[in-house]
There are 2 protein chains.
Amino acid sequence: MAGVKDVARLAGVSVATVSRVLNDSAAVTGETRARVLEAVAELGYRPNAVARSLRTDTTRTIGLVIGDILNPFFTELARAVEDEARRSGYSVVIGNADERPERQDHYVRTLLEQRVDGLLLCPTAEITPLVRDVVRDGAPLVFLDRTLPGLDVPTVRADGAEAIGALVAHLRGLGRRRVAFISGPALLSTGRERTEAFRAAMRANGLEVPEEYLVAGDFRAGSGRETAARLLDLPRPPEVIFAGDNLMALGALDEIRARGLRIPADVGLASYDDVPWFAHLEPPVTAIEQPVQELGRRAVRALLDRVERRPVEPAVLAARLVVRRSCGEAPENRGDGEGSGRA
Amino acid sequence: MAGVKDVARLAGVSVATVSRVLNDSAAVTGETRARVLEAVAELGYRPNAVARSLRTDTTRTIGLVIGDILNPFFTELARAVEDEARRSGYSVVIGNADERPERQDHYVRTLLEQRVDGLLLCPTAEITPLVRDVVRDGAPLVFLDRTLPGLDVPTVRADGAEAIGALVAHLRGLGRRRVAFISGPALLSTGRERTEAFRAAMRANGLEVPEEYLVAGDFRAGSGRETAARLLDLPRPPEVIFAGDNLMALGALDEIRARGLRIPADVGLASYDDVPWFAHLEPPVTAIEQPVQELGRRAVRALLDRVERRPVEPAVLAARLVVRRSCGEAPENRGDGEGSGRA
DNA sequence: TTGTAAGCGTTATCAT
DNA sequence: ATGATAACGCTTACAA
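Note that this is a predicted model, so its numbers are computed, not measured.

**Points about the UniProt feature "domain: HTH lacI-type" (unreviewed entry) in chain A**
Reasoning step 1: Under the UniProt annotation, the feature "domain: HTH lacI-type" (unreviewed entry) is placed at residues 2-56 of chain A.
Reasoning step 2: Summarising residues 2-56 of chain A: 69% helix, 0% strand, and an end-to-end C-alpha distance of 21 Å.

So, in C-alpha cells, the structure goes:
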C-alpha cells in the first residue's frame with residue numbers, strides 16, 4: 001500500500017511537504033499543494049492513522065461502553081453520542097458490557113490499549129479494581145447515565161425524581177393508590193435513585209408502599225416478568241405496576257397479557273424510559289422519558305472538554321412524564337399516543 | 001505512561017524479553033517470566049496497541065458499517081457480529097451510515113485509515129466510487145445483508161423468497177386475496193429482491209397485483225406511514241398491507257390506527273423483519289423473521305476467512321414466516337405471540 | 001517555502 | 001534463553 005514516501009516521490013517533493021499538505025499545517029505553495037494532491041489521488045493513497053496516532057499520541061477516537069446493546073435506551077444513547085462526536089471530528093468505538101462487570105472491564109482495557117482519547121462509561125454494578133486504577137491514573141473518563149459513588153469522575157445523567165413525583169401524583173389523581181415498583185439492581189446508581197425517588201414520591205402523596213410492593217429486577221425483560229408475576233399473585237395485588245426501565249416493563253406486560261388481564265382495567269402499567277413502540281401498544285404506555293439526545297451530546301462535550309483540557313461541566317438533566325393511556329387515563333386522550341406537553 | 005522500556009528496566013531484562021513474555025512468542029524462563037509479569041503489574045503497564053499495530057500491520061479489529069442504527073434489525077445484527085468477533089479475539093468498530101451513501105463512505109474511509117483488518121459492509125444504495133476503489137484494491141471486504149451487483153465481493157445475506165411465498169399462501173388460505181406491498185428502495189438489493197419475491201409469490205398463488213398495490217418506501221417509518229395512507233385512500237383498498245421492513249410496518253401501523261381502522265378486521269398487516277415488540281402489539285404482528293444471529297456469525301467467519309487467507313464461504317440463509325394474528329388468523333392462536341414452528 | 005532526520009512504542013531479526 | 005537494534009509510517013523540530 002502506498003505511503004507518504006510514494007506520494008512524495010511521485011509529486012517530486014519531500015515527505016515533510018506531503019504531510020504538511022495533508023494536515024494543512026504550514027504554508028505550502030498552491031502549486032506544490034496541487035501536485036501533492038494529484039499524486040495522492042493518483043495513488044489512491046490512504047493515510048495510515050495508526051502511524052499518525054503513534055506519532056501524535058492522539059487517535060481522534062473516543063470509547064463508549066454501554067450497559068446492554070439490546071436495550072433501546074442504550075442504542076439511542078449510542079447514536080446520540082456518535083452524532084455529536086462526529087460533529088467534532090471524532091470516531092466512536094462502542095463496547096457492549098452486557099451488564100457484566102468482566103465484560104465491561106474487557107472493553108475498558110481494550111479501548112485504553114487502543115489509546116482512545118477519552119472514555120465514556122456507563123458503569124455496570126460496583127467499582128471494579130480496573131476502574132479504580134483507571135480513575136487513579138487520571139485517564140480522561142466521564143460517566144454516562146450511571147455513576148459510581150466515591151469516585152471523582154464527572155457524570156452526565158438524567159434525574160428522574162421530579163418526573164417520578166409527577167407520575168405518582170398523576171396516578172393518585174386517577175384514583176390509583178396501590179402502586180408497586182419493579183426496581184433496577186441496587187448496585188446501579190440508576191436502580192437506587194429511582195427506588196428512592198419512588199419512595200419519596202409516594203410518601204409525599206400520602207400513599208403507602210407495603211414492602212411486598214417493592215420488588216427488585218435487573219434491568220432485563222426476564223426479571224420484569226418474574227417480579228410482575230409475584231406482584232400479581234399477591235393477595236392484594238397493586239393497581240399499577242411501575243417498571244424501573246423499559247425492558248422490565250416489557251416483561252411485566254408479557255406476564256399481564258399471559259394472565260389474560262386487561263390494561264388498564266385490571267392493572268395499570270407505567271415505565272421508566274420511553275421507547276418508540278410504547279406509543280404503539282394498545283393501550284399506549286404512560287412512561288418517563290429521558291432526554292437521551294441531550295444526554296449523549298452533553299457527555300461528548302464533557303469528555304472532549306476534559307480531553308482538550310477545558311473546564312468540564314457535569315450535567316444532570318431532567319426526565320419528563322409522558323402521559324398516555326395505560327394507567328386508566330381518560331380515553332379521550334387519544335391520537336398519536338404522545339402525551340401533552342411534548343415539545 | 002509506562003512502556004516496555006520501563007518494564008524492562010524494572011524487571012532487569014531487555015525490552016525484547018518483555019515483548020516475548022507479553023506475546024508468549026518464544027521460550028522464556030519461568031523465573032524471568034515471573035519477574036516481567038510482576039513489573040507489568042507493579043507499573044500498571046498497558047501495552048500500546050497503536051505501536052503494536054504499526055509494527056505488526058494488524059489491528060485485531062474489524063469494521064462494521066450498518067444501514068441505520070435506529071433500525072432494530074441492524075442493532076441485533078451488530079450485536080451478533082460483536083459476539084462472534086469477540087470469540088475470535090477481534091474488536092468491532094461500528095459505523096452508522098444512516099442510509100446515506102456519503103456517510104457510509106465516511107466510515108469506510110475512516111475505518112480503512114484506521115487499518116481495520118477487515119470490513120463488513122451493509123451497502124447503502126448504489127456503488128460509490130470509493131467502494132469500487134476499495135474492491136479493486138482487494139481490501140478484505142464482505143457484504144452483509146445487502147449486496148451490490150457486479151462486484152466480486154462475498155456476501156452473507158438472508159433470502160426471503162420462500163418465506164414470502166409461505167406468507168402469501170397463508171394469506172390466501174385466510175381468504176385475503178388483495179394484498180399490497182410497501183417495498184424498500186429499488187436501489188437496495190434487499191428492496192428489489194423482496195419486491196420480486198412478492199410478485200412471484202402472488203403469481204404462483206394465482207393472485208393479481210394491481211400496480212397501485214405496489215408502493216415504494218425507503219426503509220424508514222415515515223415512508224411506511226405515507227404509503228399506507230395512499231393504499232388506504234384507494235377506491236378499492238387492500239385487505240392486507242405487507243411492509244418490506246419493520247420500520248415501514250411501524251409507520252403503516254400508525255396510519256391504520258390514526259384512521260381508527262382495526263387490525264385485522266378492517267385491514268391486515270404483515271411485515272418483513274421480525275422485532276421483539278411485534279409479539280407484544282395487539283394484535284401480535286405476523287412477520288418474516290430473518291436469522292439475524294446466524295447472519296452475524298457467518299459474516300464474521302467469512303470475513304476472518306478472507307483476512308486469514310482461508311477459502312471464504314458466502315452464505316444465503318433462509319428467512320422464516322412467523323404466524324401471529326394481524327392478518328385475520330384464527331383467534332385461538334394465542335399465547336405468547338410466537339407462531340408455531342418456532343424452534 | 002521546502003528538506004533532512006529524529007523519534008513515537010512496539011516486534012522481530014540476528015547475534016550471543 | 002536473552003540482548004541489541006532496525007524497522008513500521010508518520011509528524012515535527014531544525015536547518016537551509
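So that's the structure; there's more coming.
**Thoughts on the domain arrangement of chain A**
Reasoning step 1: Parsing chain A into structural domains produces domain 1 (4-47), domain 2 (59-158 + 292-317) and domain 3 (159-290 + 322-342).
Reasoning step 2: Computed over C-alpha atoms, the centres of domain 1 of chain A and domain 3 of chain A are 61 Å apart.

**So, the sheet that holds strand β7 (residues 214-216) of chain B**
Strand pairing in a sheet takes place through backbone hydrogen bonds and is either antiparallel or parallel in direction.
All names here are of chain B.
Reasoning step 1: Pairing in this open sheet of six strands is mixed, and the strands run β7-β6-β8-β9-β10-β12 from one edge to the other. Edge positions in the sheet fall to β7 and β12 (320-322), since each has one partner strand and no second. Pairs of neighbouring strands in the sheet enclose a mean axial angle of 20°, with direction left out of account.
Reasoning step 2: When strand β9 (residues 268-272) meets strand β10 (residues 286-289), the two strands line up parallel, connected through three bridges. The partner of S271 across the bridge, within β10, is A287.
Reasoning step 3: Packed on one face of the sheet, helix α11 (residues 246-258) meets β6 (179-183), β8 (240-243) and β9 and runs near 160° to β9.

**Some thoughts on the side chain of A:E329**
Residue and element names in this part refer to chain A.
Reasoning step 1: Examined against the element boundaries, E329 turns out to sit in the segment after β12 (320-322).
Reasoning step 2: Among buried charged residues, E329 stands out as having no salt bridge; its nearest opposite-charge side chain is R325, 6.9 Å away.
Reasoning step 3: Reaching out from E329, the side chain makes a polar contact with the side chain of T286 at a distance of 2.7 Å.
Reasoning step 4: For E329, the side chain forms a polar contact with the main-chain nitrogen of S326, separated by 3.3 Å.
Reasoning step 5: Not counting residues up to four positions away in its chain, the partners in contact with E329 are H170, L174, T286, V323 and R324.

**Some words on the environment of B:L121**
All names here are of chain B.
Reasoning step 1: For L121, the location among the structural elements is in strand β3 (residues 118-121).
Reasoning step 2: Here L121 falls in the buried class, since its relative accessible area comes to 1%.
Reasoning step 3: A sequence separation of 38 residues divides L121 from D83, and the C-alpha atoms of the two residues are 17 Å apart.
Reasoning step 4: Excluding residues within four positions of it along the chain, L121 makes contact with V65, Q104, V108, V131, L141, V142, F143 and L144.

**Observations concerning helix α9 (residues 189-204) of chain B**
Residue and element names in this part refer to chain B.
Reasoning step 1: In a regular helix each residue adds 1.5 Å, so 16 residues correspond to 22 Å; α9 covers 22 Å between its end C-alpha atoms and thus fits that length.
Reasoning step 2: Taken residue by residue, α9 has S189, T190, G191, R194, T195, A197, F198, A201 and M202 as its buried positions.
Reasoning step 3: Its buried side turned inward, α9 meets α8 (161-173), β6, β7, β8 and β9.
Reasoning step 4: Count one or two residues on from α9 and you reach G206, which has phi positive near 70°.

Quick notes on the rules
- Within any chain, residue numbers begin from 1 and follow the written order of that chain's sequence.
- A letter from A marks each chain and a number from 1 marks each ligand, given out in the order of writing.
- Totals for whole chains, interfaces and linings use all residues, but because this is a predicted model, local features are given only for residues with pLDDT of at least 70 and pairs of side-chain atoms are given and counted only at 80 or more.
- Only hydrogens and water are set aside; all other atoms, that is, all heavy atoms of the structure, feed into the side-chain values.
- UniProt positions are given in the numbering used here, feature names are shortened, and annotations may be inferred rather than shown by experiment.
- Secondary structure elements follow DSSP: runs of H or I no shorter than four residues count as helices, runs of E no shorter than two count as strands, and numbering proceeds from the N terminus.
- Here the limits of each domain have been adopted from an automatic or database domain assignment.
- By this definition, two strands are paired if DSSP reports at least two bridges between them.
- Helix axes use the C-alpha atoms of the stretch in contact, all axes being lines fitted to C-alpha atoms, and the angles between their N-to-C directions lie in the range 0 to 180 degrees.
- The criterion used for residue contact is that any of the two residues' heavy atoms lie within 4.5 Å.
- With a 1.4 Å probe rolled over the protein chains alone, any residue whose accessible area is under 20% of its type maximum counts as buried; one over 50% counts as exposed, and the rest are partly exposed.
- Under this rule, positive means Lys or Arg and negative means Asp or Glu; His and the chain ends count for nothing.
- Salt bridges are defined as contacts in which a side-chain nitrogen from Lys or Arg sits within 4 Å of a carboxyl oxygen from Asp or Glu.
- Think of a polar contact as two N or O atoms within 3.5 Å of one another; within protein, one of them needs to be a possible hydrogen donor and the other a possible acceptor, and neighboring residues in sequence only count if both atoms come from side chains.
- Take the residue count of a helix, subtract one, and multiply by 1.5 Å to get its expected span.

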